[in-house]
Amino acid sequence: MMAKMNAVFVLGFVLVASAFATDLSANDCEINVEECSPTYSSFLSRSGKTVENDLKQYTSQLVDKSFHFLMMSSAFNKHSLDRPGFEKLYRKISDKAWADAIELIKYQSRRGSFGHLVQPSKGENYGKVLDVQELSSLQFALDYEKQMAKEAHAIHRKISHAHSKAGSNGSDDVYHYDPDAAHYLDENIIEYQSGVVRDLAGYVHNLKHFTSAKHAANDLGNHVFDEFLAKVE
């Protein structure tokens, strides 16, 4: 009986040791005190191909988004236009993007990274940001939100499943599998985005109906819809 228990203990120890061996950072702290950090899993550095770099890029895009929609909000607050509903909608989107960027920087810090901003990979078209046409501004906002959602999905896809090309010991998974980061994106970014995309799509279709060629009073339709947006929480 004791022999069997000893065999089970030894087998369990070997399995645990082999599991740690697949993570190249498992024993770094014991070897060098300078390597003692909360960084592990896909936050490990490997030729820049880590979730850390993806999150830095996404954080920078969120900051850009915040300023874009802040400018849109200001454009609808001019004395010659005065659309408080549109101003409120775009200010809300701007504030949420700013808050998301701050929280994402905090998350990166928690995982042992320095969440500084980087140059966004895509060029910006500020002409569309300053568009004060009610319907076209909503269309722009919807496309913007969908693009941000697609990029969040791409990051999530990369880190939420182990790649089939990983070695039999799972060592390659260290660099692209990170369920903690995937869970963060799920709860704090992706779930909210689907609701915003749905709302904006509804706004586009409703405003299109109010201001269609069949209705002579397009300005009245824009005014009524703006009043509706002003009352939406």
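- As annotated in an unreviewed UniProt entry, the chain carries the name Ferritin and comes from Anopheles quadriannulatus.
- Taken directly from UniProt, the Sequence similarities (unreviewed entry) text for the chain runs: "Belongs to the ferritin family."
- Here is the UniProt Function (unreviewed entry) comment for the chain, exactly as written: "Stores iron in a soluble, non-toxic, readily available form. Important for iron homeostasis. Iron is taken up in the ferrous form and deposited as ferric hydroxides after oxidation."

## Focus: the side chain of Asp54
Consideration 1: On the secondary structure map, Asp54 appears in helix H3 (residues 51–75).
Consideration 2: Reaching out from Asp54, the side chain makes a polar contact with the side chain of Lys158 at a distance of 2.7 Å.
Consideration 3: Setting aside chain neighbours within four positions, we find Asp54 in contact with Ile155 and Lys158.

## Some details on the packing of aromatic side chains
Two numbers describe a pair of aromatic rings. These are the distance of the centres and the angle of the planes.
Consideration 1: Considering all chains together, one arrives at 13 aromatic pairs under this definition.
Consideration 2: Between Phe69 and Tyr90, the ring centres sit 6.0 Å apart and the planes meet at 45 degrees, which makes this aromatic pair tilted. Taken together, the positions of Phe69 in helix H3 and Tyr90 in helix H4 (residues 84–110) put the pair 21 residues apart, joining distant regions of the chain. For the pair Phe69 and Tyr90, one class covers both residues: buried.
Consideration 3: When the ring of Phe86 is compared with that of Phe225, the centres are 6.3 Å apart and the planes differ by 45 degrees; the resulting orientation is tilted. Here Phe86 is found in helix H4, whereas its partner Phe225 is found in helix H8 (residues 218–231), with 139 residues between them in sequence. Comparing Phe86 with Phe225, the two get one shared label, buried.
Consideration 4: Members of the aromatic cluster, each reached through a chain of ring pairs, are Phe69, Phe76, Phe86, Tyr90, Phe140, Tyr144, Tyr203, Phe210, Phe225 and Phe228.

## Concerning empty space enclosed by the protein
Consideration 1: Summed over all chains, the structure comprises one cavity of 30 Å³ or more.
Consideration 2: If you add up the space inside the largest cavity, you get close to 70 Å³.
Consideration 3: Considering the residues around the largest cavity, the lining is formed by Tyr58, Leu62, Lys65, Ile93, Lys96, Ala97, Asp100, Glu145, Ile189, Tyr192 and Gln193.
Consideration 4: Elements with a contribution of two residues or more to the lining of the largest cavity: H3, H4 and helix H7 (179–210).
Consideration 5: No other element matches H4, which puts four residues into the lining of the largest cavity.
Consideration 6: The residue makeup of the lining of the largest cavity, split by class, is six nonpolar, one polar and four charged.

## Examining the layout of surface pockets
Consideration 1: The computed volume of the second largest pocket comes to approximately 230 Å³.
Consideration 2: Listing elements by their share of the lining of the second largest pocket, those giving two or more residues are H4 and H7.
Consideration 3: Here the lining of the second largest pocket gets six residues from one element, more than from any other, and that element is H7.

## What to know about H3
Consideration 1: Under the 1.5 Å per step criterion, the end-to-end length of H3 is 36 Å for 25 residues, consistent within 8% with the ideal 36 Å.
Consideration 2: Burial within H3 is extensive, with 20 of its 25 residues counted as buried.

## What to know about the UniProt feature "binding site: Fe cation" (unreviewed entry) in the chain
Consideration 1: The UniProt record annotates "binding site: Fe cation" (unreviewed entry) at Glu145 and Gln193. Sequence-wise these annotated residues cover 49 residues; spatially they are packed, their C-alpha atoms never more than 7.2 Å apart. In the annotation above, Glu145 and Gln193 are the residues that line the largest cavity.
Consideration 2: By the element assignment, Glu145 lies in helix H6 (residues 134–160).
Consideration 3: Take Glu145: its relative accessible area is 2%, and that puts it in the buried class.
Consideration 4: Discounting chain neighbours no more than four positions away, the residues touching Glu145 are Lys65, Ile93, Val196, Val197 and Leu200.
Consideration 5: Here Lys65 takes part through its side chain, which lies 2.9 Å from a polar atom of the side chain of Glu145.
Consideration 6: Tracing the sequence through the fold places Gln193 in helix H7.
Consideration 7: Of the residues examined, Gln193 reaches a relative accessible area of 6% and is grouped as buried.
Consideration 8: Apart from residues no more than four positions distant in its own chain, Gln193 is found in contact with Tyr58, Met148, Ala149 and Ala152.
Consideration 9: A polar atom in the side chain of Gln193 sits 2.8 Å from the side chain of Tyr58.

About the criteria used
Residues numbered from 1 in each chain as written. Predicted model: local features only at pLDDT ≥ 70, side-chain atom pairs only at ≥ 80, totals over all residues. Heavy atoms only, no water. UniProt positions renumbered as here; feature names shortened; annotations may be inferred. Helix = DSSP H or I, 4+ residues; strand = E, 2+ residues; numbered from the N terminus. Polar contact = N/O pair within 3.5 Å; in protein donor to acceptor, adjacent residues only side chain to side chain. Contact = heavy atoms within 4.5 Å. Phe/Tyr/Trp six-rings, centres within 6.5 Å; stacked < 30°, edge-to-face > 60°. Buried < 20%, exposed > 50% of the residue type's maximum accessible area, 1.4 Å probe, protein only. 1 Å grid on protein atoms, 1.4 Å probe; cavity = no way out; pocket = protein on both sides within 12 Å on 5 of 7 lines; lining within 4 Å. Points joined across faces, edges and corners; volume = space filled by probe spheres on them. Nonpolar A, V, L, I, M, F, W, Y, C, P; charged D, E, K, R; others polar. Expected span 1.5 Å × (residues − 1).

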